[in-house]
Amino acid sequence: MWPRRNRAAEEFHARLLQEVDEEKKGICKDPFIYEADVQVQLISKGQPNPLKNILNENDVVFILEKVPLEKEETSPVEELQSEETAISDFSTGENVGPLALPVGRARQLIGLYTMAHNPNMTHLKISRPVTALPPLWVRCDSSDPEGTCWLGAELITTNSSIAGIVLYVVSCKADKNYSVNLEDLKNSHKKRHHLSTVTARGFAQYELLKSTALDDTVPASQTTITLDISWSPVDEILQIPPLSSNATLVLADGLRTGVTEWPAPLETKPAVEVVQEFLNDLNKLDGFGDSTKKDTETVKHDSAALDRSIECLFTVRCDLDFAEQLWCKMSGSVISYQDLVKCFTLIIQSLQHGDVQPWLHSGSNSLLSKLIHQSYHGTMDTVSLSGTIPVQMLLEVGLDKLKKDYISFFIGQELASMNHLEYFISPSVDIQEQVCRVQKLHHILEILVSCKLFIKPQHELLFSLTQSCIKYYKQNPLDEQHIFQLPVRPTAVKNLYQSENPQKWRVEISSGQKKVKTVWQLSDSPPVDHLNHHKPDFSELTLNSSLEERISFTSMVTCSQVHFK
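### Remarks on the overall build of the protein chain
(1) Moving on: In terms of regular secondary structure, the protein chain is built from 15 helices and 13 strands.
(2) Moving on: In the protein chain, the share of contacts with a sequence separation of at least 24, taken over all contacts with a separation of at least 6, comes to 68%.
(3) Moving on: Of the roughly 30100 Å² that the protein chain leaves accessible, carbon and sulfur atoms contribute 51%.

See below:
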């Protein structure tokens, strides 16, 4: 038995070490299978971490779970599986998400990890000194009386040598009749770790906004705004965070449909006819467009492009120049490439004949603006309206209009200056980069609009958020999955949380050692994604249901230290 167990510890360490080495070399690999029934994945720092909901972990870690059904191989010797795990595996043909291992199997894997790192196990064929591996966590099926859903192990190192290991046990259950006392938690931690004093640190998360799809056919916008608050000391379970706390506004926004469709025509007339009427109207004004005249037709088209729920936040611009008005006409009527060619042919001919001498804003490098400026002097370059040129001309005109729209919003709302926006609106980079920078501005706009509509922050906070987003996007590529975090004063947001129930409330008890802690958490959603907890239908919830009235989920994290002597 022992020779086989020793060999298993050696092979397990070697395989995990190989995975770490390949990760350091930048070799991205899929999870690997260990002994037919275990799937192992190395989660890199910054990647989504399933432990974040309980321990707020975001570092490199090994996650072990049961091999998905389609990957599982038949083994001559299979361990008995708990009835609960069996039911969760086969009760539905749909994707059931991550699968848990029996608690007994999880303990075996934690044992192999501990053996391999124990410097006293000199008989093991492992290079000395033993290379310390990242923490290892195993998903468990809660088949034991304690309801264990995770087992974990993390090494204690001093001066680059392994001095011991911390073993974690995480339990979770769905229960609205929870009963826990803060002093009992403190005393339990003191007794377990032989301590005389401990400190308690609190954490609460308030969900200010979370958009959801109405049904499977309507994609959600993935908008979430939460308020994360931490403080110490903690006076009681479910304490309302004091005004001396540290608070952070956490925002994630952006449409994720993956497809942008050309809008349905707003005009019933053909595009060529719409543009011809537009040119005729300019011709009646002696060839010059009046930049101060409010074109009601343009306003109608411009407003129609705005989501009705946010239209109240925007002031429709009345200083549209020729190119911008042309964009509104064409974007509401063009339905084909042929329409583009015919419309631009009409415009170029009108410029060549001197029928119109339209007014333009400064700062544009578009081909159409160059042609217009040339027309002032009676000479124009010949442009072949073939290939992608008509599309590029329309794109340039649309980009110029969007840039001015964003300038109008950010400056009009006193959220940014021209110096702040210069990077995003500069015409000195290629057209692809210009599009990317305008997309960044749009993402910032979405975040601000969501924030302003749903949490109605003070202008000071909105200004700080804008500057934070601008600073990020000047240094990073477009990332609609990025989560923006903004430290805020609790006094500025107290109306958002003091009378509300938290989505998550947690207390962490320790004596100053980061790895040695006891954690108790209450949440309104399952903190683990590999167990099938009962989820109530909307019909089961009353309009005024609160965190206490709904089914709550309690989690407990305990640990023990093992010192290698």
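Having put the structure on the table, let's press on.
### Here we look at empty space enclosed by the protein
(1) Moving on: According to the stated counting rule, one finds four cavities of 30 Å³ or more in the structure shown.
(2) Moving on: Approximately 70 Å³ is the volume attributed to the largest cavity.
(3) Moving on: Elements represented by at least two residues in the lining of the largest cavity include exactly α8 (322-331) and α11 (389-412).
(4) Moving on: With four residues, the single largest contributor to the lining of the largest cavity is α11.
(5) Moving on: Taken together, the residues of the lining of the largest cavity break down into three nonpolar, four polar and five charged.

### Focus: the pairing of strand β4 (residues 136-139)
(1) Moving on: Where burial is concerned, the two faces of β4 agree: the one with L136 and V138 and the one with W137 and R139 are both buried.
(2) Moving on: The pairing of strand β3 (residues 61-66) with β4 spans three bridges and is parallel. Looking at the pairing, L64 lines up with V138 of β4.
(3) Moving on: Pairing between β4 and strand β5 (residues 148-158): four bridges, direction antiparallel. Each bridged residue has a counterpart across the sheet, and for L136 the counterpart in β5 is A153.

### Details of the packing of aromatic side chains
(1) Moving on: Per the counting criterion, the structure on display carries 13 aromatic pairs.
(2) Moving on: Among the aromatic residues, those joined into a cluster by ring pairs are Y178, W231, W505 and W520.
(3) Moving on: Here R15 stacks its cationic end above the ring of F32, 3.8 Å away from the centre of that ring.

Rules behind the numbers
- Residues numbered from 1 in each chain as written.
- Predicted model: local features only at pLDDT ≥ 70, side-chain atom pairs only at ≥ 80, totals over all residues.
- Heavy atoms only, no water.
- Helix = DSSP H or I, 4+ residues; strand = E, 2+ residues; numbered from the N terminus.
- Contact = heavy atoms within 4.5 Å.
- Areas by Shrake-Rupley, 256 points an atom, 1.4 Å probe, with all protein chains shown as cover.
- 1 Å grid on protein atoms, 1.4 Å probe; cavity = no way out; pocket = protein on both sides within 12 Å on 5 of 7 lines; lining within 4 Å.
- Points joined across faces, edges and corners; volume = space filled by probe spheres on them.
- Nonpolar A, V, L, I, M, F, W, Y, C, P; charged D, E, K, R; others polar.
- Buried < 20%, exposed > 50% of the residue type's maximum accessible area, 1.4 Å probe, protein only.
- Pairing = 2+ DSSP bridges.
- Phe/Tyr/Trp six-rings, centres within 6.5 Å; stacked < 30°, edge-to-face > 60°.
- Lys NZ or Arg CZ within 6 Å of the ring centre and 35° of its normal.

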